[in-house]
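Spelled out from the first residue to the last, the chains are:
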Amino acid sequence: MSPEFNREDIQRLKGLLTSARTVALVGHLAPDGDALGSTLGMAHVLRGMGKDARVFTPDEPPHYLRVLPGARDIMAFSSFGEKASSWIRNADVVLCMDFNATYRVSRLQPAIENVRGKRVLIDHHENPEHFADLSFSFPPLSSTSELTAHLLKALGWWNRVDTDAATCLMGGIITDTGGFRYNSSMPCLYLVVADLLGKGVNKDRLVRCLVSTTNESAMRLESYALAKKMEVFHDARAALIVLTRDELNSYGYKKGDTEGLVNRPLEIPGIVYSCYLRQEPEYVKVSMRSLADFPVNLLCSRHYGGGGHLNAAGGEFRGTMEECIQLFKDNLQENLKLMSPAALKAADR
Ligand code: 5GP
Ligand code: MN
């Protein structure tokens, strides 16, 4: 029921971490609850073992993730610069968590490509690059935080998981499942969830802070986007939301304010996939979500040089917003061919 780890891999990981003095835990650009939850959760355990374990991200995490214990101590490259890179390069072990390709860590990429110690990948994204000395890649799992919990059990270190570590791991699970709404139908998830609750995690508070919290301007921006900017293509089973820089600015947009917006059109019966285009200064940020087996990661890699999961993917389009919108509309018919009976059934409820 739980993921089947290779026994030798687990022994190697145990050996590496046990003999390490310094461990760098690295999360991806625009860190989300899972990137932070998995790295911080593991860092708490390693510190409890007397290791000097530090968490690094390319940029600062959003404010709402401060509910995760230790989030304030993260070393973001945007604040620490070369000091962060050199710490990673010199660490005994570098844990690359919640990302599958080195470019996902942006300005920390040179550091993780030139480490003195060993690199370990711990991740749940499809098609991982082979850049690590040891890899734990489990795409069917809800989150890297869930994977980390299974790993800690397999390592025999579950007794070292305290309330802070458990809170971080549960936070990552809650973020990546939208509060147990999606990607969360595997029984093995609930085995670790039950054990995390046993560590004293306040699950309801985490759901409130991580899923059911917004701010006034973000709420108004989402309402505007849905009321005035959502285009529904019923025949194509798709929806599109476009926000220009001017619109974002007029609502005082801050990073993260439209998190979740792209999911909303999937609440409409009949819609199989949803796309949100946000104008950034240098590119158009593409976000896609889908139901069942409709592969938005394929669309994102095919058209926008991006990728991600089957049901949640993204990319950056280097062209004008008009071109990006046209590209989306031009592909509506073609995309219908990717629609399985299961996807249609999921959409029609
Ligand atoms: P979001 O729409 O929240 O930005 O991204 C959803 C998921 O798509 C992310 O968890 C990540 O796996 C993937 N993703 C987003 N942007 C990119 C991108 O530019 N490149 C790749 N390869 N994946 C992305
Ligand atoms: Mn994740």
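Refer to the structure printed above.
The structure displayed is predicted, hence computed values, not measured ones. (Residues numbered from 1 in each chain as written. Chains lettered and ligands numbered in written order. Predicted model: local features only at pLDDT ≥ 70, side-chain atom pairs only at ≥ 80, totals over all residues. Heavy atoms only, no water.)

A. Spotlight on the overall build of the chain. On a plain count of helices and strands, the chain comes out with 15 helices and 12 strands. For 349 residues, the compact-globule estimate of 2.2 N^0.38 gives 20 Å, and the C-alpha radius of gyration of the chain, at 20 Å, lies within 12% of that figure. Looking at the chain as a whole, 52% of its 349 residues are labelled buried. Counting contacts in the chain only where the partners sit at least 6 residues apart, residues at least 24 apart contribute 67% of the total. Carbon and sulfur atoms provide 48% of the accessible area of the chain, an area that totals close to 15600 Å². Positive and negative charge centroids in the chain, built from 40 and 41 side chains respectively, lie 5 Å apart. (Helix = DSSP H or I, 4+ residues; strand = E, 2+ residues; numbered from the N terminus. Rg over C-alpha atoms; globule rule 2.2 N^0.38 Å. Buried < 20%, exposed > 50% of the residue type's maximum accessible area, 1.4 Å probe, protein only. Contact = heavy atoms within 4.5 Å. Areas by Shrake-Rupley, 256 points an atom, 1.4 Å probe, with all protein chains shown as cover. Lys, Arg positive; Asp, Glu negative; His and termini not counted. Charge placed at Lys NZ, Arg CZ, Asp CG, Glu CD.)

B. Representation of helix H12 (residues 296–304). Along H12, the residues classified as buried are Val296, Asn297, Leu299, Cys300 and Tyr304. Take H12 and look down its axis: the buried residues cluster within an arc of 160°, on one side only. Looking at the packing, one finds that the buried side of H12 touches strand E9 (273–279), strand E10 (284–290), strand E11 (307–308), strand E12 (312–317), helix H13 (321–330) and helix H14 (332–336). Following H12 by one or two positions, Gly305 has its phi on the positive side, about 60°. (Arc of directions from axis to C-beta.)

C. Local environment of the nonpolar core. Val23, Leu25, Leu46, Leu95, Val120, Ile122 and Phe136 are the most contacted members of the largest nonpolar core, which totals 54 residues. Those residues in contact with Leu25 that sit more than four places away from it in its chain are Thr39, Met42, Ala43, Leu46, Ala53, Arg54, Val55, Phe56, Leu95 and Met97. In terms of nonpolar packing, the next biggest core, distinct from the first, is built from 31 residues, Ile271, Leu277, Val286 and Leu299 among them. (Core = buried A, V, L, I, M, F, W, Y, C linked by side-chain atoms within 4.5 Å.)

D. Focus on the packing of helix H6 (residues 144–154) against helix H7 (residues 163–176). Look at H6 against H7: their axes get within 7 Å of each other, and the N-to-C directions meet at 140°. Relative to H7, the element H6 is oriented oblique. Of the residues in H7, those touching H6 at Ser145, Glu146, Thr148, Ala149 and Leu152 are Cys168, Leu169, Gly172 and Ile173. Considering only residue class, the contact of H6 with H7 consists of 5 nonpolar, 3 polar and 1 charged. (Axes fitted to C-alpha atoms, helices over the stretch in contact; angles between N-to-C directions. Parallel < 35°, antiparallel > 145°, perpendicular 65-115°, else oblique. Nonpolar A, V, L, I, M, F, W, Y, C, P; charged D, E, K, R; others polar.)

E. Molecular detail of the coordination of the manganese ion (ligand 2). Around the manganese ion (ligand 2), the protein contributes the donor atoms Asp34 (OD), Asp98 (OD), His124 (NE2) and Asp176 (OD), at 2.2 to 2.4 Å from the metal centre. For Asp98, a relative accessible area of 2% gives the class buried. (Donors = N, O, S within 2.8 Å, 3.2 Å for Na, K, Ca; no water.)

F. The site of ligand 1, seen in detail. If you check the shell around ligand 1, you find 14 residues, and the closest are Tyr103, Lys285, Ser287, Arg289 and Gly307. One of the side-chain nitrogen or oxygen atoms of Lys285 is found 3.0 Å away from an oxygen atom of ligand 1. For ligand 1, an oxygen atom lies 3.3 Å from a polar atom in the backbone of Gly314. With the chains in place, 81% of the 490 Å² that ligand 1 exposes on its own is no longer accessible. Broken down by secondary-structure element, the contributors of at least two residues to the shell around ligand 1 are E10, E11 and E12. No other element matches the 4 residues that E12 contributes to the shell around ligand 1. Here the residues of the shell around ligand 1 are counted per class, giving 3 nonpolar, 8 polar and 3 charged. (Near = heavy atom within 4 Å. Polar contact = N/O pair within 3.5 Å; in protein donor to acceptor, adjacent residues only side chain to side chain.)

G. Quick peek at empty space enclosed by the protein. Evaluated as defined, the whole model comprises 1 cavity of 30 Å³ or more. Quantified by volume, the largest cavity comes out at close to 30 Å³. The wall of the largest cavity is formed by Met288, Leu299, His303, Tyr304, Leu327, Phe328, Asn331 and Asn335. Of all elements in the fold, only H12 and H13 reach the threshold of two or more residues within the lining of the largest cavity. Looking at which element gives the most residues to the lining of the largest cavity, the answer is H12, with 3 residues. Here the residues of the lining of the largest cavity are counted per class, giving 5 nonpolar, 3 polar and no charged. (1 Å grid on protein atoms, 1.4 Å probe; cavity = no way out; pocket = protein on both sides within 12 Å on 5 of 7 lines; lining within 4 Å. Points joined across faces, edges and corners; volume = space filled by probe spheres on them.)

H. Inspection of the sheet that holds E11 at higher detail. As summarised here, the arrangement of the 6 strands in space is E7-E8-E9-E10-E12-E11, forming an open sheet in which the pairing is mixed. What marks the edges here is a single partner per strand, and that holds for strand E7 (230–233) and E11. Here helix H10 (residues 216–229) sits on the sheet in contact with E7 and strand E8 (238–243), set at roughly 125° to E8. Of the strands in this sheet, E9, E10, E11 and E12 are in contact with H12, which crosses E12 at around 10°. (Pairing = 2+ DSSP bridges.)

I. Main features of the environment of Leu240. Among the secondary structure elements, Leu240 is positioned in strand E8. Judged by relative accessible area, Leu240 falls into the buried class, the value being 1%. Residues Leu240 and Gly117, 123 residues apart in the sequence, show an inter-C-alpha distance of 45 Å. Ignoring any residue separated from it by four or fewer positions in sequence, one finds Leu240 in contact with Lys229, Met230, Glu231, Phe233, Cys275, Leu277, Ile325 and Phe328.

J. Geometry of the packing of aromatic side chains. Going through the model one piece at a time under the given rule, you end up with 10 aromatic pairs. With 5.9 Å between their ring centres and 40° between their planes, Phe180 and Tyr190 make a pair best called tilted. Residue Phe180 is found in the loop between H7 and helix H8 (187–197), and its partner Tyr190 is found in helix H8; the two are separated by 10 residues along the sequence. The class for Tyr190 is partly exposed, based on a relative accessible area of 36%. Grouping aromatic residues by their ring pairs yields a cluster made of Phe233, Tyr273, Phe294 and Phe328. Directly above the ring of Trp158 sits Lys153, whose terminal nitrogen or CZ lies 5.0 Å from the centroid. (Phe/Tyr/Trp six-rings, centres within 6.5 Å; stacked < 30°, edge-to-face > 60°. Lys NZ or Arg CZ within 6 Å of the ring centre and 35° of its normal.)

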